[in-house]
Amino acid sequence: MSENLKFKSYAKINLGLEVSGKRPDGFHELISVMQSIGLYDTLTISKSVDVAVDGDIPRDVPGPDLVRRAADLLRKNIGHAPGARLTLRKSIPIGAGLGGGSSNAACALIGLNKLWGANLSLQELEPLAAELGSDVPFFLRGGTALAEG
C-alpha cells in the first residue's frame with residue numbers, strides 16, 4: 001500500500017522591510033516582519049525507489065530545484081537513502097517575492113521527515129532549512145515572524 005502525504009505550501013508577504021548597511025559577505029542587514037498568507041502550492045509526497053521531483057512548472061524555476069536539494073540534504077543527514085516521489089503543483093506566482101520555492105523546500109523537509117520516519121523535531125530541521133535559503137526556516141512553522149540579519 002502506497003502512503004501519500006499532501007501538504008499546502010503557503011506563501012508569505014513581508015509586512016515591513018528595513019534594509020541597512022552592507023555586511024562583509026556582500027549581503028545587506030535587514031529587518032522584516034513576515035506573515036504567511038492563504039495562497040499555497042500543493043506538494044504530494046509518496047514512497048518510491050529513487051527520489052524524483054515532478055510537477056507543472058518549468059525546470060528553470062527554483063521550486064523543484066529546492067525541493068530536490070531538500071530531499072538530498074535530509075537523506076544525507078539521516079544516514080540512509082530511501083526514495084520518494086515529490087509532485088509539486090504551483091499556484092504561487094513565480095518570482096513574485098512570495099517565497100514559493102522556500103516554502104516548497106520547507107514542506108519537502110517536513111514531509112520527507114515523516115515519510116522516512118526520521119522523527120527530527122522542527123528545531124533539528126531548522127539548520128537544514130537554513131542551508132537551503134534564508135526564508136526556508138520561517139516556512140517550517142509559518143505564521144508571523146520577525147526576521148533579522
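Structure: above.
Residues numbered from 1 in each chain as written. Predicted model: local features only at pLDDT ≥ 70, side-chain atom pairs only at ≥ 80, totals over all residues. Heavy atoms only, no water.

Attention now moves to the nonpolar core. If you look at the biggest cluster of nonpolar residues, it comprises 34 residues, and the most contacted ones within it are Ile45, Leu86 and Leu112. Sorting the residues of this core by element identifies strand S1 (4-22), strand S2 (28-48), strand S3 (51-55), helix H1 (62-78), strand S4 (83-89), helix H2 (100-115), helix H3 (122-132) and helix H4 (136-141) as the ones contributing at least two each. (Core = buried A, V, L, I, M, F, W, Y, C linked by side-chain atoms within 4.5 Å. Buried < 20%, exposed > 50% of the residue type's maximum accessible area, 1.4 Å probe, protein only. Helix = DSSP H or I, 4+ residues; strand = E, 2+ residues; numbered from the N terminus.)

A word on the side chain of Ser102. Its location among the elements puts Ser102 in helix H2. The exposure class of Ser102 is buried, given its relative accessible area of 14%. Ignoring any residue separated from it by four or fewer positions in sequence, one finds Ser102 in contact with Leu66, Asp135, Val136 and Phe139. (Contact = heavy atoms within 4.5 Å.)

With that settled, the discussion passes to the environment of Pro127. With respect to the helices and strands, the residue Pro127 is situated in helix H3. Given the relative accessible area of 48%, Pro127 is considered partly exposed. The sequence separation of Pro127 and Pro137 amounts to ten residues, and the corresponding C-alpha distance is 7.8 Å.

Purely geometric numbers; function is a separate question.
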